[in-house]
Protein chains: 6
Amino acid sequence: MRLFRPTEAHAHCDLFCGVYDPAQAMIEAKSVLQCANKYHASDDEVFRARAISIKEERAELVKHHLSVLWTDFFKPHHIEAFPQLHDLHWRAIKQAGDAKKSMDPAVSEKLIELIGEVSDIFWQTEESKATGVYPPS
Amino acid sequence: MRLFRPTEAHAHCDLFCGVYDPAQAMIEAKSVLQCANKYHASDDEVFRARAISIKEERAELVKHHLSVLWTDFFKPHHIEAFPQLHDLHWRAIKQAGDAKKSMDPAVSEKLIELIGEVSDIFWQTEESKATGVYPPS
Amino acid sequence: MRLFRPTEAHAHCDLFCGVYDPAQAMIEAKSVLQCANKYHASDDEVFRARAISIKEERAELVKHHLSVLWTDFFKPHHIEAFPQLHDLHWRAIKQAGDAKKSMDPAVSEKLIELIGEVSDIFWQTEESKATGVYPPS
Amino acid sequence: MRLFRPTEAHAHCDLFCGVYDPAQAMIEAKSVLQCANKYHASDDEVFRARAISIKEERAELVKHHLSVLWTDFFKPHHIEAFPQLHDLHWRAIKQAGDAKKSMDPAVSEKLIELIGEVSDIFWQTEESKATGVYPPS
Amino acid sequence: MRLFRPTEAHAHCDLFCGVYDPAQAMIEAKSVLQCANKYHASDDEVFRARAISIKEERAELVKHHLSVLWTDFFKPHHIEAFPQLHDLHWRAIKQAGDAKKSMDPAVSEKLIELIGEVSDIFWQTEESKATGVYPPS
Amino acid sequence: MRLFRPTEAHAHCDLFCGVYDPAQAMIEAKSVLQCANKYHASDDEVFRARAISIKEERAELVKHHLSVLWTDFFKPHHIEAFPQLHDLHWRAIKQAGDAKKSMDPAVSEKLIELIGEVSDIFWQTEESKATGVYPPS
């Protein structure tokens, strides 16, 4: 849902002026992990039911944020420079799906790791300097 | 948001029991095209504003349905058999983004064409027989 | 959310140019049925909780798609030609509500049957030729 | 999305214990009317664009609330007692669609009138005493 | 999502022309309470799971409606006249969060009570005469 | 929608185990600002209409994220320690409403500034150490 200039005359903005940051996917993924952890620490029926459904919702947001990075932020020249980008996003989004299904915190931790890999590539791009908000310190 | 068995013991369903159909992406894409066509046929301010925003919404649904096919339906062995799958989905989802930005019907027609390519591959898979609802006649 | 021309001058499009297809309701209803079936085949707490909530969500989408057909696609002359349309949609949408409440696959199968009846009428209309995407083969 | 007991044993609640009130549809319809009125009172491009899209959103909520009354609150014995219910809801929901398309306040006023008719019938039912929240004073 | 005139020239409407009514929060809160009550009256796994998730959803709507009143309807002069407004809304929205977590009907009843306090203040304002729809009789 | 332990026995987690970060509000606010900036740089009708509606959507997300911080993260002892918290959140959420209405980038910049103030307080709390993800470097 990010915004680009739609015409040739605005080619610069079409490429470089959006606001993107892997922080959005990462924050939701941390929330997914917390849902899994807390589920196991509780024996309350209501709490556990809520942990399952909130994890589902947060993992769906992870999918959304990753998909926005993949198809809105990354351009053909990034795919050339980082040929693993397609498969990495595919595995990361699939992992978010697995994190919906599983209460095993290791599944969520793997998701966080994959988002970390996406993030590393994001911050290596020239374009991230203009569009990213929370660069690694 | 499709449902798979989440445990090892249910491996069969994890792979083959969902309900998927490229028809969902295609119907929304046809709606995107109609919005573009009708926008040009009208000179009413209100109608045109609605055509822009309804097209936006429908194109977002196209993105969602394509993303579900890519990361939920397709499995590693499909990627091996159809190595163009990653890039095809990337271009198709990017095209849905372009169709948000542009009122040129040709942009929406290209989107429909790309969904057609996804659909062709979908229906060539063994798994589509069990999960698809509207096979090509 | 379908789009029509809003002014008198565009009466043709106001009536005949949208994109509608009962396939949208049918695909979600099949997903509802699968949720009910899979719920019974599993004894995993997490899986069952997810089956309940995903079924809820899919049944809500069935309601939405049926409502769009009823009030956006069908026009007064269709109600005259098919006097059962009002009651059929009422029963079908109520059935989607019942399918939310019940894990009995028979309830979902009845929903699929009622959508089949809506679909039959849809494809008998003259207007479906222009607006439908997946005609019966 | 209202809640009923799903089993035979809870038949009383299945019929009489939900929370429904035509106030929900009416409040959104008044908002639709205000959007139409304010659109005409402004010549600001941004304001007018927002009036169109907020009206669209509010009218969609009207449709949703009317649909809930029609298929969740009203039961077969209400249809018998008030045979106009099906057609009244159909015309009211269609009117909400017309109110999306038109900036003419008269179209929104007609919508408010039709919701008034639904409301009159709602408050004549025995069940409204238990489920309604804002009875006519 | 309420609509105000965005320019200085339309200051009157910016303040007084929206449509607001605490009825929206109250109706959802009554639904939250019913979910809690019905949860305890049932021993059906599916029913109880649905009661938890529908309560969650309804409580989220309560939060939304209260937030709209707090930041869209109430103006600085209301905060001066009713200095408890900030803390009251904070406690009411927090209570909606507690009502998500707890199946204790007393928690939902407390929520209804707090919305009642908001409502009392709302109807004491001069502006409510123009924007409210369901005044106390 | 963050998750807390719902019972007395889990008081520690009720207070300290969520995942919160003002980064979520900030990233959306930067996007709001970009929409305002780009709107002025374009004279394309379609682009401008999209800038208005995407800004609306992003500003709504800012409101949501601020509201979550205010009523889910902050506890009574924070309100005591930072007595400006209520009014600050009220002004910040109101500013997000103003940023919906206005294309003036200064309005969005003021919003970013207010979120900065919320962020400063957030990171001064003891609890942020456990729940925050992107601390100031």
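Our structure's up above, just so we're on the same page.
A.B. asks: Now, about the environment of Val 32 of chain E: what can you tell me, with residues and values included?
C.D. replies: Residues and elements named next belong to chain E. If you trace the backbone, Val 32 turns up in helix α2 (residues 23–41). Judged by its relative accessible area of 0%, Val 32 falls in the buried class. The sequence separation of Val 32 and Leu 111 amounts to 79 residues, and the corresponding C-alpha distance is 9.3 Å. Apart from residues no more than four positions distant in its own chain, Val 32 is found in contact with Lys 55, Arg 58, Ala 59, Val 62, Ala 99 and Ser 108.

A.B. asks: Give me the relation of the copies chain E and chain C: which residues, what numbers.
C.D. replies: Superposition record for chain E on chain C: RMSD 0.0 Å, screw rotation 120°, translation along axis 0.0 Å. Here the copies are linked by what is in effect a three-fold axis. In terms of proximity to the rotation axis, the leading residue of chain E is Ala 49 of chain E, whose C-alpha is 4.1 Å off the axis.

A.B. asks: Could you give an account of the interface of chain E and chain C, naming the residues involved and the relevant values?
C.D. replies: A common way to report how large an interface is uses the accessible area buried once the components associate. Taken together, the contact between chain E and chain C spans 5 residues of the former and 7 residues of the latter. Its largest share of buried area at the contact with chain C, chain E owes to Glu 45, Val 46 and Arg 50 of chain E, together 83% of the area lost on that side. Counting across the chain E and chain C interface gives 2 salt bridges. Residue Glu 56 of chain C is joined to Arg 50 of chain E by a salt bridge in which the shortest nitrogen-to-oxygen separation is 2.7 Å. Partitioning the side of chain E that touches chain C into residue classes produces 3 nonpolar, no polar and 2 charged.

A.B. asks: Which residues make up the pattern of salt bridges, and what values go with them?
C.D. replies: Side chains that carry opposite charge are capable of pairing whenever their charged atoms lie near each other. Residues and elements named next belong to chain A. For the structure shown, the criterion picks out 60 salt bridges over all chains. Between Lys 100 and Glu 60 there is a salt bridge, with its nearest N and O atoms 2.5 Å apart. Note that Lys 100 is positioned in helix α5 (residues 85–101) and Glu 60 in helix α3 (residues 45–73), a separation of 40 residues in sequence. When its relative accessible area of 4% is taken as the criterion, Lys 100 is described as buried. Put simply, Glu 28, Glu 57 and Arg 58 are held in one network by salt bridges that share partners.

A.B. asks: Tell me about helix α5 (residues 85–101) of chain F, and please be specific about residues and values.
C.D. replies: The terminal C-alpha atoms of α5 of chain F lie 25 Å apart, and with 17 residues this matches the ideal 24 Å at 1.5 Å per residue to within 8%. Counted residue by residue, α5 of chain F has 14 buried out of 17 residues, so it is predominantly covered.

A.B. asks: Could you give me a rundown of the packing of helix α3 (residues 45–73) of chain B against helix α3 (residues 45–73) of chain D, with the residues and numbers involved?
C.D. replies: Two elements in contact, α3 of chain B and α3 of chain D, have axes whose closest approach is 10 Å; the angle formed by their N-to-C orientations is 60°. Two packed elements cross with a definite hand, and for α3 of chain B against α3 of chain D that hand is right-handed. Contact residues: Glu 45, Val 46, Ala 49, Arg 50 and Ile 54 of chain B in α3 of chain B; Arg 48, Ile 52 and Glu 56 of chain D in α3 of chain D. Of the residues that constitute the contact of α3 of chain B with α3 of chain D, the class distribution is 4 nonpolar, no polar and 4 charged.

Quick notes on the rules
Residues numbered from 1 in each chain as written. Chains lettered and ligands numbered in written order. Predicted model: local features only at pLDDT ≥ 70, side-chain atom pairs only at ≥ 80, totals over all residues. Heavy atoms only, no water. Helix = DSSP H or I, 4+ residues; strand = E, 2+ residues; numbered from the N terminus. Buried < 20%, exposed > 50% of the residue type's maximum accessible area, 1.4 Å probe, protein only. Contact = heavy atoms within 4.5 Å. Least-squares fit on C-alpha atoms with pLDDT ≥ 70 in both. Buried area = accessible area lost by both parts, 1.4 Å probe. Salt bridge = Lys/Arg side-chain N within 4 Å of Asp/Glu carboxyl O. Nonpolar A, V, L, I, M, F, W, Y, C, P; charged D, E, K, R; others polar. Expected span 1.5 Å × (residues − 1). Axes fitted to C-alpha atoms, helices over the stretch in contact; angles between N-to-C directions. Left-handed = near helix turned anticlockwise from the far one by under 90°.

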